[in-house]
Amino acid sequence: MSGKYQAYPEYKDSGVEWLGQLPSHWKVGRLGSFGYFTAGCGFPHEYQGQSGGTYPFYKVSDTNLPGNEKFLDKAENYVSQDVAIKLGARIGKPGGIMFPKVGAALLGNKRRILTHPSITDNNTMVYSSYDGDYEYWYYWFLIP
């Protein structure tokens, strides 16, 4: 065969007995070896309702806003840098995958991709991959 493409990939042992062999370019590891989780934070009522600020503060309900079907671009709440520091908020990076972690929202299997440095409430988590391949991880997290 000529050219740089092969009809079939080369394989390697996965190291997992029941799994067998994998294409040699695939990586095998725990989820934490490919990225990290950022927990959301509490959102006291007195800070809610701001329409402008440094960071969007996403709640699970923001996943239902028109235009937020895959990428989180709109938020109903924003906070300033000072408020973020006061709350001890961790900033989710653009490309992070936000998902609910408690309650009935789990049944909806809603995953969204952050488009801005963002803060999320304590009912959510954000997964950020080290390699920045947010599209792959978005679909990976959609698997039930």
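Parameters and conventions
Residues numbered from 1 in each chain as written. Predicted model: local features only at pLDDT ≥ 70, side-chain atom pairs only at ≥ 80, totals over all residues. Heavy atoms only, no water. Pairing = 2+ DSSP bridges. Helix = DSSP H or I, 4+ residues; strand = E, 2+ residues; numbered from the N terminus. Contact = heavy atoms within 4.5 Å. Axes fitted to C-alpha atoms, helices over the stretch in contact; angles between N-to-C directions. Salt bridge = Lys/Arg side-chain N within 4 Å of Asp/Glu carboxyl O. Buried < 20%, exposed > 50% of the residue type's maximum accessible area, 1.4 Å probe, protein only.

> Tell me about the sheet that holds strand β5 (residues 71-72), residues and numbers included.
Whether parallel or antiparallel, the strands of a sheet pair through hydrogen bonds between backbone atoms. The sheet built from five strands is open, its strands ordered β3-β10-β7-β8-β5 with mixed pairing. On the outer flanks of this sheet lie β3 (35-39) and β5, each paired with one strand and no other. Bridging between β3 and strand β10 (residues 124-129) involves five bridges; their strand directions are antiparallel. Residue pairing in the sheet places A39 in a bridge with M125 of β10. Here helix α2 (residues 134-142) sits on the sheet and contacts β3, β5, β7 (97-100), β8 (112-114) and β10; the angle it forms with β7, its principal contact strand, is near 20°.

> Could you give an account of the sheet that holds strand β6 (residues 78-79), naming the residues involved and the relevant values?
On the basis of which strands lie adjacent, the open sheet formed by three strands has the order β6-β4-β9 and mixed pairing. Strand pairing shows two members of the sheet lacking a second neighbour, β6 and β9 (119-120), which therefore form its edges.

> Describe the pattern of salt bridges, listing the residues and the values that go with them.
Overall, the coordinates contain one salt bridge when judged by the stated rule. Among the ionic pairs, K70 bridges to E135, the shortest N-O distance being 2.5 Å. Taken together, the residues span a long stretch of sequence, with K70 in the loop between β4 (55-58) and β5 and E135 in helix α2 at a distance of 65 residues. By relative accessible area, which is 21% here, K70 ends up partly exposed. According to the relative accessible area criterion, E135 is partly exposed, its value standing at 30%.

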